[in-house]
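Next come the chains, spelled out residue by residue.
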Amino acid sequence: MLKTVKNSVKNDSNFIDVEKVRRDFPLLQNHYNGRPIAFLDNAATTQKPQVVLDKLNEFYTQYNANVHRAIYHIGEQATREYEDARKKVSDFINAPDPSTIIFTRGATEAINLVAYSWGRHNLSPGDEILITEMEHHSNIIPWQLAVKDTGATLRYIPLHLPVDGTLDLQSLEVNLTNRTKLVAIVHQSNVFGTINPVKKIIKAAQSVGALVLLDSAQSVPHSKVDVQALDCDFLVFSGHKMMGPSGVGVLYAKETLLNSMEPFMGGGEMISTVSMEYSTWNDIPWKFEAGTPNIAQAIGLGAAVDYLNELNMESIHAHENELMDYASDMLKNTPRVILYGNGSKRGAIISFNVEGIHPHDLAQILDQDGIAVRAGHHCAQPIMKRLNVPATTRASFYVYNTKDEIDRLCEGIEKAINLLC
Amino acid sequence: MLKTVKNSVKNDSNFIDVEKVRRDFPLLQNHYNGRPIAFLDNAATTQKPQVVLDKLNEFYTQYNANVHRAIYHIGEQATREYEDARKKVSDFINAPDPSTIIFTRGATEAINLVAYSWGRHNLSPGDEILITEMEHHSNIIPWQLAVKDTGATLRYIPLHLPVDGTLDLQSLEVNLTNRTKLVAIVHQSNVFGTINPVKKIIKAAQSVGALVLLDSAQSVPHSKVDVQALDCDFLVFSGHKMMGPSGVGVLYAKETLLNSMEPFMGGGEMISTVSMEYSTWNDIPWKFEAGTPNIAQAIGLGAAVDYLNELNMESIHAHENELMDYASDMLKNTPRVILYGNGSKRGAIISFNVEGIHPHDLAQILDQDGIAVRAGHHCAQPIMKRLNVPATTRASFYVYNTKDEIDRLCEGIEKAINLLC
Amino acid sequence: MYDIRELYQQLIIDHSKNPKNFTVLKDANRSANGDNPLCGDKVTIYLKLEDDVIQDISFQGSGCAISKASTSIMTTSLKGKTVEEFQTFFDIFHQMVTTGKTDSIVLGKLAVLSGVHQYPVRVKCATLAWHTVKNALEDGIRKIATTE
Amino acid sequence: MYDIRELYQQLIIDHSKNPKNFTVLKDANRSANGDNPLCGDKVTIYLKLEDDVIQDISFQGSGCAISKASTSIMTTSLKGKTVEEFQTFFDIFHQMVTTGKTDSIVLGKLAVLSGVHQYPVRVKCATLAWHTVKNALEDGIRKIATTE
Ligand SMILES: Cc1ncc(COP(=O)(O)O)c(C=O)c1O
Ligand SMILES: Cc1ncc(COP(=O)(O)O)c(C=O)c1O
Ligand code: FES
Ligand code: FES
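Residues numbered from 1 in each chain as written. Chains lettered and ligands numbered in written order. Predicted model: local features only at pLDDT ≥ 70, side-chain atom pairs only at ≥ 80, totals over all residues. Heavy atoms only, no water.

Novice: Give a detailed account of the interface of chain A and chain B, specifying residues and quantitative values.
Specialist: Taken together, the 91 residues of chain A in the interface contact 91 residues of chain B. Summed over both sides, the interface of chain A with chain B buries roughly 7200 Å², with 58% coming from carbon and sulfur. A per-residue breakdown of the area chain A buries against chain B is headed by Y72(A), R105(A) and M276(A), which together make up 11% of the total. Applying the counting criterion to the chain A and chain B interface returns 4 salt bridges. Here chain A and chain B share 42 residue pairs in polar contact (both at pLDDT 80 or more) between them. Among the residues forming the side of chain A that touches chain B, the class breakdown is 41 nonpolar, 36 polar and 14 charged. (Contact = heavy atoms within 4.5 Å. Buried area = accessible area lost by both parts, 1.4 Å probe. Salt bridge = Lys/Arg side-chain N within 4 Å of Asp/Glu carboxyl O. Polar contact = N/O pair within 3.5 Å; in protein donor to acceptor, adjacent residues only side chain to side chain. Nonpolar A, V, L, I, M, F, W, Y, C, P; charged D, E, K, R; others polar.)

Written as structure tokens, this is what we have:
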């Protein structure tokens with residue numbers, strides 16, 4: 001049995017009263033197999049505070065209506081709340097204007113939107129898109145499909161070797177040329193937790209005239225992200241990874257880009273006029289929101305943003321840093337554990353393997369004790385190839401996690417070792 | 001004041017106890033300006049029964065997790081519920097297999113999926129797509145964009161003239177040639193309520209080897225639709241128009257088509273293997289569901305399907321027919337009312353204008369009495385052009401509407417006449 | 001309880017039934033079209049502009065009671081105004097229909113439209129013609145769509 | 001309360017630690033690869049097939065305890081079986097890991113895997129090698145992915 005340091009929860013962080021926070025999350029009150037649920041798969045999705053569920057319920061029971069064209073009062077209220085949510089999201093990432101915020105189904109759709117609306121109309125043979133070996137499949141496949149359609153070339157910034165979870169930034173210079181039209185890069189790795197030096201990369205990209213898309217699915221939920229300070233051209237993230245409902249995500253893009261881009265999907269709301277021969281487009285952001293939008297989900301995301309602001313993003317980040325330090329120390333001292341990635345700037349994501357135990361068996365055994373971790377390739381098969389493993393186990397934290405849960409994780413690993421090795 | 005026949009609500013239909021049904025809908029319990037809300041904009045979106053809201057809450061509080069790759073129990077449960085919802089939807093439209101059901105954000109995304117995945121890879125100059133003048137913008141713009149990209153031609157089956165809300169089917173024969181690759185047609189018009197003779201059209205299309213896409217956004221929620229009996233190639237609809245959550249819709253397509261089609265969006269879940277150079281695709285339906293899906297929304301739609309089945313689609317249809325007959329009679333006897341569309345087969349949608357009153361003013365005045373109707377072009381500008389009006393007022397019914405609400409509508413119209421004329 | 005008559009005041013109804021200056025201005029030297037994409041309504045503004053002064057103004061088009069009344073009363077108020085005066089006038093009017101803050105001394109009869117601010121969807125109706133005049137003044141002949 | 005030991009029975013653990021027939025079969029005349037896209041694990045099956053009888057069988061690859069044990073026990077059970085017998089055998093095994101219905105007389109040691117049916121995500125682990133054998137028998141050399 002490991003020796004564990006059981007801090008009183010109050011001391012987990014200077015800012016976050018984690019027990020109080022936990023009470024806001026109905027799902028975390030459940031038990032499984034006699035143990036409270038330790039949800040350590042926050043990089044996959046996150047739990048929802050009661051305020052978000054209340055907001056969804058408020059929408060459906062008080063002003064459920066289609067948006068933008070209703071004269072009647074519940075339609076007006078739905079529209080107001082929907083556009084208010086856009087304003088909240090806009091403020092949250094310090095966008096210059098709410099019109100630069102497009103609601104999508106998730107980060108994945110947001111990247112595909114760019115790959116179609118910008119990519120298909122701006123790429124030709126000879127042009128290059130630069131991504132990295134650290135990308136989530138959502139930031140690989142859309143570009144593989146786009147270069148297939150346009151004849152452009154897809155290039156990769158490699159991982160630093162031996163793999164330490166960081167990028168080989170020296171190769172950035174080699175790969176970044178005036179042929180590079182877009183650099184699409186993950187802000188925080190969903191496998192290693194590495195926070196990439198995106199500001200530096202954006203500067204470098206700008207110097208050759210390339211646009212930059214940031215996949216911030218893992219960064220926006222956990223720290224203050226400022227699109228104007230970063231000066232990125234596109235930035236995407238998912239609502240469900242930041243306490244919001246499933247089925248909503250965000251594309252931020254610079255206004256001039258959005259204005260010049262072709263529409264993605266066609267349908268209601270994205271038009272200005274329609275004749276049988278041709279149509280003209282609505283203003284941004286609506287030009288990119290064809291059909292009835294995910295109204296309740298966007299409004300729910302607005303409530304999640306309110307909740308995150310109330311907790312304060314810096315406090316959340318500090319709490320998670322503390323958890324990460326603790327988890328790294330604890331896992332280092334757990335037998336047979338191999339940790340992947342040790343970049344100096346990291347979010348609260350930790351990937352590892354236990355010698356002699358397949359990650360899926362480990363996850364299964366942890367589940368018996370109510371500990372939810374992820375086992376698999378984490379939608380990042382190129383990383384697995386570089387690590388030369390089929391899969392890893394991943395624990396990822398959010399503001400409601402505790403050191404106690406990390407202790408339970410380590411105890412569970414020992415139990416698995418005792419059972420299987 | 002009109003003479004109105006106030007039936008006891010119990011007699012509204014042989015099958016539906018409408019007062020009992022209404023109690024299932026929290027929003028319908030609200031009052032506005034002292035009057036109960038009469039929601040007569042069901043072609044735009046519909047209200048949600050408590051069971052759907054309960055299901056959403058159950059998901060978020062009991063088993064909120066990402067689907068398909070989780071080893072832990074709440075992830076397994078989320079996956080099971082998500083795939084169960086697919087099965088329910090599949091059975092609801094009598095699809096041959098759940099794998100032929102793709103979850104999208106709505107009918108609009110479903111049509112765009114076909115326009116990209118099938119359209120961009122199967123259309124060339126000389127090919128023709130045939131739609132009708134009766135389409136919703138969602139079934140116009142995706143094809144305008146697709147023919148622009150591929151050099152194919154978009155043709156229209158015209159409305160019968162003088163406009164009576166039906167298609168000029170004689171022109172179908174002229175327009176349907178071996179150049180026609182796809183006929184994309186609205187099943188039930190969202191302006192006139194006309195139910196098009198799609199079975200006949202499908203037969204005709206098949207005889208020239210064209211595929212058929214049915215826009216069933218207005219039919220699936222209100223009557224039994226059987227994709228195998230229809231033998232359509234594609235069929236789309238939206239969850240929010242059938243008591244489901246916002247942010248979910250469905251594409252049904254024949255298995256062979258789905259298997260042969262290219263993916264639409266790239267990302268997590270839709271892949272089988274990913275290497276840096278190329279990737280292979282997952283089986284259907286997942287090949288077309290890139291990224292974290294709208295999990296809660298799909299599960300909520302499953303609950304809506306259960307609820308609709310419980311009420312029984314035939315009973316719903318019968319109740320709505322009765323409302324439509326009543327509404328037509330009542331509106332015909334209301335001064336200054338001009339009704340549009342008088343096809344013999346119609347769903348519960350009625351478009352009209354009141355001489356001397358702009359539809360938006362009418363809707364505004366009705367709203368004062370808690371009556372929600374739509375005023376505008378209903379995302380069908382080509383129809384407005386043929387009607388030679390900028391807009392119409394539209395009342396559209398669902399199973400929870402009553403004759404009493406229709407009486408209130410007619411009284412409201414008289415009030416508007418007294419005020420404005 | 002709200003009363004719809006606060007929006008549809010008698011003066012608005014009168015102007016919408018019998019709009020003033022609802023004609024094509026023969027000797028116009030400026031004109032512009034305005035579209036309200038929300039409803040499909042259109043307005044055409046005709047202006048006779050001389051030395052930066054609006055000598056005459058008229059309109060044609062379709063619209064709801066609010067837009068017709070707003071346009072009609074506007075035309076009666078703009079005659080003799082300079083381009084600069086129009087701009088201030090529009091600013092004050094715009095503020096009224098979006099916030100409810102009324103300066104009835106400046107706005108005169110137009111103050112009757114203050115109820116609009118309670119109906120955000122109808123703001124476009126009240127301002128469509130104004131945006132179109134602005135456009136006609138700036139640009140001669142161009143098609144505009146309001147962006148509110 | 002569920003006990004994880006119902007899934008990870010001692011026999012499973014033993015086979016996963018020391019799999020039988022975990023080698024490349026020198027005189028194989030059939031082989032096939034199987035992929036589990038869920039986890040990225042792969043298995044290669046080598047068969048020596050003579051007159052429709054599985055004379056010898058071995059495997060290589062990576063996998064979890066469940067898949068390794070299933071594959072290992074399977075190889076020990078298939079030697080001497082005809083192609084037709086394999087098919088029935090697979091059907092019964094498949095039914096067990098999906099429904100829990102065990103025919104322990106037919107399945108013998110394989111019955112130890114009956115706990116899998118309670119873990120739908122792990123069904124692929126237990127059947128991957130079986131699908132791969134099926135493929136090797138039908139098709140000689142082809143890459144397959146399970147579709148469960
Ligand atoms: C006939 C028809 N087709 C398509 C749509 C588009 O549906 P959605 O906006 O939910 O994508 C609608 C609804 O607005 C419709 O009435
Ligand atoms: C780094 C990264 N990018 C993109 C995504 C895709 O997000 P979603 O599945 O919500 O579209 C994820 C989450 O899975 C992620 O971790
Ligand atoms: S509704 Fe068209 S201008 Fe008012
Ligand atoms: S987890 Fe890969 S085969 Fe079991």
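Novice: How would you summarise the packing of aromatic side chains if you had to cite specific residues and measurements?
Specialist: All names here are of chain C. Counted under the stated rule, the structure contains 32 aromatic pairs over all chains. Here the aromatic rings of F93 and W130 are separated by 4.3 Å at their centres, their planes lie at 15 degrees, and the arrangement is stacked. Of this pair, F93 sits in helix 3 (residues 83-99) while W130 sits in helix 5 (residues 123-139); the two residues are 37 residues apart in sequence, bridging distant segments of the chain. The class for W130 is buried, based on a relative accessible area of 0%. (Phe/Tyr/Trp six-rings, centres within 6.5 Å; stacked < 30°, edge-to-face > 60°. Helix = DSSP H or I, 4+ residues; strand = E, 2+ residues; numbered from the N terminus. Buried < 20%, exposed > 50% of the residue type's maximum accessible area, 1.4 Å probe, protein only.)

Novice: Describe in detail the site of ligand 1, supporting the description with residues and values.
Specialist: Near ligand 1 lie 15 residues; those nearest to it are T292(A), T108(B), D215(B), S238(B) and K241(B). Surrounding ligand 1 are residues belonging to chains A and B, so the site spans chains. The side chain of T292(A) places a nitrogen or oxygen atom 2.6 Å from an oxygen atom of ligand 1. Taking T108(B), its side chain carries an N or O atom lying 2.5 Å from an oxygen atom of ligand 1. (Near = heavy atom within 4 Å.)

Novice: Give me the lowdown on unusual backbone geometry, citing residues and values where you can.
Specialist: Cis geometry marks the peptide bond from L161(A) to P162(A); its omega dihedral reads -10 degrees. With respect to the helices, strands and loops of the structure, P162(A) is situated in the loop between strand 6 (153-157) and helix 6 (170-175). Cis geometry marks the peptide bond from I284(A) to P285(A), where omega comes out at 5 degrees. The residue P285(A) is located in the loop between strand 12 (279-281) and helix 10 (295-311) in this model. Phi is positive for E269(B), close to 75 degrees, though the residue is something other than glycine. Inspection of the secondary structure puts E269(B) in the loop between helix 9 (255-260) and strand 11 (271-274). Residue classification places E269(B) among the buried residues on the basis of a relative accessible area of 10%.

Novice: Can you explain the relation of the copies chain A and chain B? Please cite residues and give values.
Specialist: Of the transformation superimposing chain A on chain B, the axial component is 0.0 Å and the angular component is 180 degrees, with the fit at an RMSD of 0.0 Å. The transformation just described matches what one would write down for a two-fold rotation axis. Take the interface residues of chain A: 100% of them recur as interface residues in chain B, which is what a same-surface contact looks like. (Least-squares fit on C-alpha atoms with pLDDT ≥ 70 in both.)

Novice: Can you break down the pairing of strand 1 (residues 30-36) of chain C residue by residue, with the values?
Specialist: Residues and elements named next belong to chain C. For strand 1, the tally of buried residues reaches 5 of 7 residues, placing the bulk of the element in the interior. In this sheet, strand 2 (residues 41-50) lies alongside strand 1 in antiparallel orientation, the contact comprising 7 bridges. By the bridge assignment, N36 is partnered in strand 2 with D41. (Pairing = 2+ DSSP bridges.)

Novice: Describe the arrangement of the chains, and please don't skip the residues or the numbers.
Specialist: Contacts between protein chains span 5 pairs of chains, and they are most numerous for chains A and B. Looking at chain C next to chain D, you find no contact at all, with the nearest C-alpha pair sitting 47 Å apart.

Novice: So what's going on with the domain arrangement of chain A? Residues and values would help.
Specialist: All names here are of chain A. Entries for chain A in the domain assignment read domain 1 (18-32 + 312-420) and domain 2 (52-310). For domain 1 versus domain 2, the separation of C-alpha centres amounts to 28 Å. With 35 residues of domain 1 in contact, the opposing surface of domain 2 contributes 35 residues. Here domain 1 packs against domain 2, burying approximately 2700 Å² in sum over the two surfaces, 62% of which is carbon and sulfur. Summed over the shared surface of domain 1 and domain 2, the result is 1 salt bridge. Across the pair E133 and R386 runs a salt bridge whose closest N-O atoms are separated by 2.7 Å. Where domain 1 packs against domain 2, one counts 18 residue pairs in polar contact (both at pLDDT 80 or more). The set of elements that each furnish at least two residues to the side of domain 1 that touches domain 2 consists of helix 11 (313-332), strand 14 (349-354) and helix 13 (381-387). (Domains from an automatic or database assignment.)

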